[in-house]
Amino acid sequence: MKRLVLIAALALAGCGHRPSAQVIEVKVPVPVPCVSKDLPPPPTYTDTLAALQAAPDQGEFTRLLAGNWPVRNARLEALEAAVDACRQP
């Protein structure tokens, strides 16, 4: 009888422990905006289609287009910098 109790105690003792917890690492991609918040909003261009169509002569038409080149180039440089920042790992 003592042997039976000893065998039962040993068998139950084996069931009494808990397996160690497994650590599972889950990597979740976090969206990161490429464009920084300091990117200025798009400027208002004076050479709209309506303004170009309403130009009285070729000189005014050319002045409207040429007057916006610096503004467009500045905007293009800012956008290219933002795109380059997105491409870097």
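Reading the values: the criteria
- Residues numbered from 1 in each chain as written.
- Predicted model: local features only at pLDDT ≥ 70, side-chain atom pairs only at ≥ 80, totals over all residues.
- Heavy atoms only, no water.
- Helix = DSSP H or I, 4+ residues; strand = E, 2+ residues; numbered from the N terminus.
- Polar contact = N/O pair within 3.5 Å; in protein donor to acceptor, adjacent residues only side chain to side chain.
- Salt bridge = Lys/Arg side-chain N within 4 Å of Asp/Glu carboxyl O.
- Buried < 20%, exposed > 50% of the residue type's maximum accessible area, 1.4 Å probe, protein only.

Student: Would you mind showing me how to read the side chain of Asn 68 here?
Tutor: With respect to the element layout, Asn 68 can be found in the loop between helix H3 (58-67) and helix H4 (69-87). Of the polar contacts made by the side chain of Asn 68, one reaches the side chain of Thr 46; its length is 2.9 Å.

Student: How should the pattern of salt bridges be read in this particular structure?
Tutor: Pairing is possible between side chains of opposite charge, provided their charged atoms come close. In the structure shown here, the tally under the stated rule is 2 salt bridges. Of the charged contacts in the structure, one is a salt bridge between Arg 72 and Asp 47, with a shortest N-O distance of 2.6 Å. With a gap of 25 residues between them, Arg 72 in helix H4 and Asp 47 in the loop between helix H1 (2-15) and helix H2 (49-53) connect regions that are remote in the sequence. A relative accessible area of 9% means that Asp 47 is categorised as buried. Between Arg 63 and Glu 60 there is a salt bridge whose closest N-O contact spans 3.4 Å. Of this pair, Arg 63 and Glu 60 both sit in helix H3, separated by 3 residues, roughly a single helical turn.

Keep in mind these numbers describe shape, not what the thing actually does.
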